[in-house]
Amino acid sequence: MWEATTIDNVRVFDGAGRTEPRSVHLDGGRIVSAPPDAARRVDARGGTLLPGLIDTHVHVEDRADLEASAHWGVTTVLDMGTPHLDRTMPLRHLDAVADLFSAGHPAVAPGATAIRKMGYPPSIGVADPSGAEEHVAARVRDGADYVKILVEDPKQPGTKALDRATVQALVDAAHRHGLTVIAHTVTGPTFRTAVDAGADVVTHVPVQAVVSREAARPGLVVSPTLVMMRGICATIGRRPALRALAALRVMPRMDFTNSLDSVRRLHHAGATVLAGTDANRDPATPFSPPHGEAMHQELGLLVEAGLSPVEALRAATVRPAQVFGLADRGEITAGRRADLLLVDGDPTTDIGATRNITGVWVAGHRFRGVPGS
Ligand SMILES: [Zn+2]
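Residues numbered from 1 in each chain as written. Predicted model: local features only at pLDDT ≥ 70, side-chain atom pairs only at ≥ 80, totals over all residues. Heavy atoms only, no water.

**So, the overall build of the protein chain**
To keep it simple, the criterion reads: Only runs of H or I of at least four residues qualify as helices and only runs of E of at least two qualify as strands under DSSP, and these elements are numbered from the N terminus. Only C-alpha atoms enter the radius of gyration; for comparison, a globular chain is expected to reach 2.2 Å times N to the power 0.38, where N is the number of residues. Remark: exposure states derive from per-residue accessible area (1.4 Å probe, protein chains only) relative to the maximum for the residue type, with buried under 20%, exposed over 50%, and partly exposed in between. Here, residues are in contact when the closest pair of their heavy atoms is within 4.5 Å.
What the protein chain contains, in helices and strands, is 12 helices and 16 strands. Against the compact-globule benchmark of 21 Å for 373 residues, the protein chain has a radius of gyration of 21 Å, which places it among compact chains. Its C-alpha atoms give the protein chain principal-axis dimensions of roughly 65 × 40 × 35 Å. The burial tally for the protein chain puts 56% of its 373 residues in the buried class. A sequence separation of at least 24 residues applies to 64% of the contacts in the protein chain between residues at least 6 apart.

**Section: the sheet that holds strand S10 (residues 181–184)**
Through backbone hydrogen bonds, the strands of a sheet pair up, either in parallel or in antiparallel fashion. The criterion, for reference: Two strands qualify as a pair provided that DSSP identifies no fewer than 2 bridges between them.
Pairing is parallel across the open sheet formed by 5 strands, whose spatial order is S9-S10-S11-S12-S13. With partners counted over all chains shown, the strands left at the sheet margins are strand S9 (147–150) and strand S13 (272–273), one partner each. Where S10 lies against strand S11 (residues 201–203), 3 bridges are found, and the strand directions are parallel. Bridging across to S11, Ala183 finds its partner in Val202.

**With respect to the packing of aromatic side chains**
A ring pair, where both rings are aromatic, is described by two values, the distance of the centres and the angle of the planes. The cut-off we apply is this: When two rings of Phe, Tyr or Trp (its six-membered ring) have centres within 6.5 Å they constitute a pair, described as stacked for plane angles under 30 degrees, edge-to-face for angles over 60, and tilted for the intermediate range.
Applying the stated criterion to the full structure yields 1 aromatic pair. Ring geometry for Tyr146 versus Phe324: centroids 5.6 Å apart, planes at 70°, classification edge-to-face. Of the two residues, Tyr146 is situated in the loop between helix H4 (132–142) and S9 and Phe324 in the loop between helix H12 (318–323) and strand S14 (340–343); the sequence distance between them amounts to 178 residues. A relative accessible area of 3% means that Tyr146 is categorised as buried. Looking at Phe324, the relative accessible area reads 12%, which means it is buried.

**Digging into unusual backbone geometry**
Look at Asn9: it is not a glycine, yet its phi comes out positive at around 55°. Assignment of secondary structure puts Asn9 in strand S1 (residues 5–12).

**Considering helix H6 (residues 188–197)**
In an α-helix, one turn spans 3.6 residues; hence positions three or four apart end up facing the same way. Every buried residue belonging to H6 is among Thr190, Phe191, Thr193, Ala194, Val195 and Ala197, and all of these are buried. Trailing H6 by a residue or two, Gly198 shows a phi angle of about 85°, which is positive.

**Things to note about the coordination of the zinc ion**
Which entries qualify depends on this criterion: Donor criterion used throughout: N, O or S atom within 2.8 Å of the metal, extended to 3.2 Å for Na, K and Ca. Water excluded; incomplete-looking sites may result.
Coordination of the zinc ion by the protein is provided by His57 (NE2), His59 (NE2) and Asp278 (OD), with metal-donor distances spanning 2.1 to 2.2 Å. Positions of the donor residues of the zinc ion, expressed as sequence spacing, correspond to H-x1-H-x218-D. With His59 in the loop between strand S6 (53–58) and helix H1 (63–71) and Asp278 in the loop between S13 and helix H10 (293–304), the pair connects residues that are 219 residues apart, well separated along the chain.

**Examining the side chain of Asp65**
Here Asp65 shows up in helix H1. Judged by relative accessible area, Asp65 falls into the buried class, the value being 2%. In this structure, Asp65 is in contact with His59, Val60, Arg281 and His291, ignoring residues within four places of it in sequence.

**Structural notes on the domain arrangement of the protein chain**
Bring the parts together and some accessible area is lost; that lost area is often taken as the interface size. Basically, it comes down to this: Delimitation of the domains relies on an automatic or database domain assignment. As a working definition, buried area equals the accessible area (1.4 Å probe) given up by two parts on being put together, with both sides summed. Throughout this description, the term salt bridge denotes a Lys or Arg side-chain nitrogen within 4 Å of a carboxyl oxygen of Asp or Glu.
Taken domain by domain, the protein chain comprises domain 1 (5–49 + 329–368) and domain 2 (53–323). On a C-alpha basis, the centroid separation for the pair domain 1 and domain 2 is 30 Å. Each partner contributes residues to the interface: domain 1 has 22 residues there, and domain 2 has 27 residues. Between domain 1 and domain 2 lies a buried interface of about 2,000 Å² when both sides are counted; carbon and sulfur atoms form 67% of it. Together, Arg329, Ile351 and Arg355 form the three largest contributors to the area buried by domain 1 at its contact with domain 2, with a combined 30%. Counting the contacts that link domain 1 with domain 2 gives 3 salt bridges.

**Some words on the pairing of S10**
In the case of a regular strand, side chains alternate between the two sheet surfaces. Keep this limit in mind: When the strands point away from the viewer and the path from the first strand over the helix to the second turns clockwise, the crossover is right-handed.
Side-chain alternation along S10 places Val181 and Ala183 on one buried face and Ile182 and His184 on a second face that is also buried. The pairing of S9 with S10 spans 4 bridges and is classified as parallel. Among the inter-strand pairings, Leu150 is bridged to a residue of S10, identified as His184. Regarding topology, helix H5 (residues 164–176) serves as the crossover connection from S9 to the parallel S10, and that connection is right-handed. Remark: the S10/H6/S11 crossover connection has right-handed handedness.

**Description of the packing of helix H7 (residues 226–235) against helix H9 (residues 256–268)**
The condition that has to hold: As a rule, the C-alpha atoms of each element are fitted with a line to give its axis, helices using only the stretch in contact, and angles between N-to-C directions run from 0 to 180 degrees. Each angle receives one of four descriptions, namely roughly parallel if under 35 degrees, roughly antiparallel if over 145, roughly perpendicular if within 65 to 115, and oblique otherwise. The crossing is said to be left-handed when, going from far helix to near helix, the turn is anticlockwise and less than a right angle, and right-handed when the turn is clockwise. Residues are grouped as follows: Ala, Val, Leu, Ile, Met, Phe, Trp, Tyr, Cys and Pro are nonpolar; Asp, Glu, Lys and Arg are charged; every other residue, Gly included, is polar.
For the pair H7 and H9, the least separation of the axes is 9 Å and the interaxial angle reads 160°. Here H9 runs roughly antiparallel to H7, going by the angle between their axes. Between H7 and H9 lies a crossing whose hand is right-handed. Between H7 and H9, the residues in contact are Leu226, Met229, Arg230 and Cys233 and Phe256, Ser259, Leu260 and Val263, respectively. In terms of residue class, the contact of H7 with H9 is built from 6 nonpolar, 1 polar and 1 charged.

Take a look at the structure:
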């Protein structure tokens, strides 16, 4: 339940920097301009108030993931594929935990790894362009919030991949239904395929090469999930079989520097970079960033890849709100949801300060303790 609250003596992240200390008022689960009656008063002691963070790439198993997210100030999470619709879909828009949106089932090639090893139904396999419309219609029936497409690379050993024409047909079908398309790609050629097909958001960045200059276009939107790419390099990249293939030049070596350099190139080219972690608890995936905490690692990695701390904060707040049409959040202005993260220090100059959490509100519900209350 929300609680009327006035946060005093707080510097507000306004999307460009920090304001002078002021008061912020919450009532009815929203940020309001006038002080509410009988409000709880919180003295922020000059701390910084951020819009609740938005993780643009997670996989949610249960309510505990949403609690962990909120605990770390991640108040909105975008699930990018679940095999368990019956479990995940009812977790959307619960009170007092991170607010969940979901792609439901992704599109993959028939016989893809997601079907063979990750518990997805064979029906999500799309054999050719003629199957695109039915796939998207099924997602609409499931109530998916957007469409996820796994654009895999047929050159990777053991991979069943959608061909270019089918990827294009899926993007077009999703757009006909007014749905945003998120394309998963982990290699240079598939990154280009996703960009050429007009995917609205490309997620992950290659670890085996830097994205090409031709693919790095100003209008592009990317959720690179650097924390995941670093984890994959540290786990799969060290497996003896893959090292042998790399040594024989059958497959390029996995090197996290490629991912960082890809983000640097995309950012300089004018692409929109979004914060996403690929947080998951699926034992079938090669690495599992922890829900919530991984967002703070990701923000640090985005700064390492050349974003300023202000740009990294925008990548986790106002930017994803714009890209995913979440007009009710992402900024601290009257009328928006009271999704807030209070931290000590100045994350606009020291991104590590986002970890110094002293308070979290989800739609005006105080999730985590605050000082002076
Ligand atoms: Zn994922």
